[in-house]
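# Remarks on the overall topology
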Amino acid sequence: MATDDNSGKDLTAADSGAGHNPANAGTAVVVRDAVDNPGFPPHRPRVTDLNPSAERRAERTVYTLFYLSIVGSVFAIAAYMAFPIVDTDPGSVRLNNLFIGLGLALALLAIGIGAVHWGKALMSDHEGIDVRHPVRGSEETRARAVEIFAEANEESGIGRRSLIRNSLIGALIAFPLPAVVLFRGLGPMNENPSELLTHTMWTKGTRLAIDPTGTPIKASDVTLGSAFHVIPEGLQDLPSGRLEEKAKAAVLLMRLKPEDLNELPERAGWSYDGIVAYSKICTHVGCPVALYEQQTHHLLCPCHQSQFDVSNHCEVIFGPAKRPLPQLPIAVDSEGYLIAQSDFTEPVGPSFWERH
């Protein structure tokens, strides 16, 4: 037998006698200092395994935490109602976020701590080896799966510890409720979203005003190649709901050479001396279309790069948007101010709002 001076391993030549397989020819490496399998360390029983009083105390702790989680979920819902957000009071936002956050944190932490304590103090505590084997779909495998579930039920005690089981089920049911209430509060109450976006603040005779000052715009103020961010006059005077109304009524106002406009026959008269107004709300997912390319007459949505051609009734020329931006019919009053002829003739915003 030869020895490798560098590694200290025995190099045993392959057997060349009878029965030798040429395919296995070579040198076998036998490691002298192979590590023995140490096996499992001695089992150390927990306090709850030895003391029935400690076991009952741990059980009470677990279901108390689950009940505490239910209290946190209910508190978050109550805080949402007790501390509403008021448009004119920035402090209401802080109070709303603070108390809802405290309730949700308590609900989630109590579930997590209770589940961990349940596993560490009460569930079956023993070492085992999971032998890997090919996955089979035989009847024996299915039967064994049933046995595993039965063993898990026995080891966890969920079948016989009714207080823990019921309190956990209650906590898991109660925890999503604040999210349901919060998300419902983001939507319109007792109104159809499609109907809400069908009508805006624009009415016949409403003057176009500069955003955010609310100063009315004269046609003479709109120079060739310019673009204005526009809101309805009077929007700033609303006692509440200004942001909601602005999100629907925001408009981009641009002036092109009249000969560069290719207006649809049914929209003849919707512009004034090359001045056109289109909704600022992208028809993809409602982002603000805020970038105007003066030379190409293109509007660009910075969120998902949809592009609209102002010279061709804002048709989509690139990107995920599926329909042109709605056009606001405009005219000029006796004092030279730009006014709306009517509201938008189609819903503003993402196309999915039109799917009743």
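Residues numbered from 1 in each chain as written. Predicted model: local features only at pLDDT ≥ 70, side-chain atom pairs only at ≥ 80, totals over all residues. Heavy atoms only, no water.

### Focus: the packing of helix 2 (residues 52-82) against helix 3 (residues 90-121)
Between helix 2 and helix 3, the shortest axis-to-axis distance is 8 Å and the interhelical angle comes to 165°. It follows from the interaxial angle that helix 2 and helix 3 lie roughly antiparallel. The handedness of the crossing between helix 2 and helix 3 comes out as left-handed. (Axes fitted to C-alpha atoms, helices over the stretch in contact; angles between N-to-C directions. Helix = DSSP H or I, 4+ residues; strand = E, 2+ residues; numbered from the N terminus. Parallel < 35°, antiparallel > 145°, perpendicular 65-115°, else oblique. Left-handed = near helix turned anticlockwise from the far one by under 90°.)

### Quick look at the nonpolar core
Counting residues in hydrophobic clusters, the biggest one holds 18 residues, and the most contacted among them are Trp202, Val230, Leu253, Leu328, Ile330 and Leu338. Elements with a contribution of two residues or more to this core: strand 5 (227-232), strand 6 (251-255), strand 7 (275-279) and strand 13 (338-340). Sequence-distant contacts of Val230, that is, excluding residues within four places in its chain, are made with Trp202, Leu208, Ala209, Asp211, Ile217, Ala249, Ala250, Val251 and Leu253. (Core = buried A, V, L, I, M, F, W, Y, C linked by side-chain atoms within 4.5 Å. Buried < 20%, exposed > 50% of the residue type's maximum accessible area, 1.4 Å probe, protein only. Contact = heavy atoms within 4.5 Å.)

### What about the packing of aromatic side chains?
Enumeration over the complete set of coordinates arrives at four aromatic pairs. Aromatic pair Phe75 and Phe99: ring centres 6.4 Å apart, planes at 65°, arrangement edge-to-face. Linking Phe75 in helix 2 with Phe99 in helix 3, this pair joins segments that are 24 residues apart in sequence. When the centroid spacing of 4.5 Å and the interplanar angle of 15° are considered together, the rings of Phe83 and Phe99 count as stacked. Taken as a pair, Phe83 in the loop between helix 2 and helix 3 and Phe99 in helix 3 lie far apart in primary sequence, 16 residues in all. According to the relative accessible area criterion, Phe99 is partly exposed, its value standing at 23%. An aromatic cluster is defined as three or more aromatic residues linked by ring pairs; in this entry it consists of Phe75, Phe83 and Phe99. (Phe/Tyr/Trp six-rings, centres within 6.5 Å; stacked < 30°, edge-to-face > 60°.)

### Comments concerning the pairing of strand 11 (residues 315-318)
Here three bridges tie strand 10 (residues 307-309) to strand 11, and the two strands are oriented antiparallel to one another. Residue pairing in the sheet places Gln307 in a bridge with Phe318 of strand 11. Hairpin remark: strand 10 followed by strand 11, antiparallel, with five residues in the connecting loop; positive phi at His313, about 45°. (Pairing = 2+ DSSP bridges.)

### Some remarks on the environment of Pro42
Along the polypeptide, Pro42 turns up in the loop between strand 3 (27-30) and helix 1 (47-50). Along the sequence, Pro42 and Glu127 sit 85 residues apart, while their C-alpha atoms lie 9.9 Å from each other.

### Quick word on unusual backbone geometry
Cis geometry marks the peptide bond from Asp211 to Pro212, where omega comes out at 10°. You can see Pro212 is positioned in the loop between strand 4 (208-210) and strand 5. Notably, Asp273 is not glycine yet its phi reads approximately 50°, a positive angle. Along the chain, Asp273 falls in the loop between strand 6 and strand 7.

### What to know about the UniProt feature "transmembrane region" (unreviewed entry) in the chain
When the UniProt feature table is mapped onto this chain, "transmembrane region" (unreviewed entry) is found at residues 65-86, 98-118 and 168-187. Secondary structure within residues 65-86 divides into 82% helix and 0% strand; the distance between the first and last C-alpha atoms comes to 34 Å. When the span residues 98-118 is considered, its composition is 100% helix and 0% strand, and the gap between its end C-alpha atoms is 30 Å. (UniProt positions renumbered as here; feature names shortened; annotations may be inferred.)

### Things to note about the sheet that holds strand 5
As a general point, the strands of a sheet are linked pairwise by backbone hydrogen bonds and lie either parallel or antiparallel. The strand order 4-5-6-7 describes an open sheet built from four strands, whose pairing is antiparallel. Here the strands that pair on one side only, and so sit at the sheet edges, are strand 4 and strand 7. The average angle at which neighbouring strand axes cross in this sheet is 40°, direction not considered. Two elements, strand 4 and strand 5, share three bridges in a ladder whose sense is antiparallel. Each bridged residue has a counterpart across the sheet, and for Ala209 the counterpart in strand 5 is Ile231.

### Remarks on the side chain of Arg46
Inspection of the secondary structure puts Arg46 in the loop between strand 3 and helix 1. A distance of 2.9 Å separates a polar side-chain atom of Arg46 from the backbone oxygen of Lys120. Of the polar contacts made by the side chain of Arg46, one reaches the backbone oxygen of Met123; its length is 2.8 Å. (Polar contact = N/O pair within 3.5 Å; in protein donor to acceptor, adjacent residues only side chain to side chain.)

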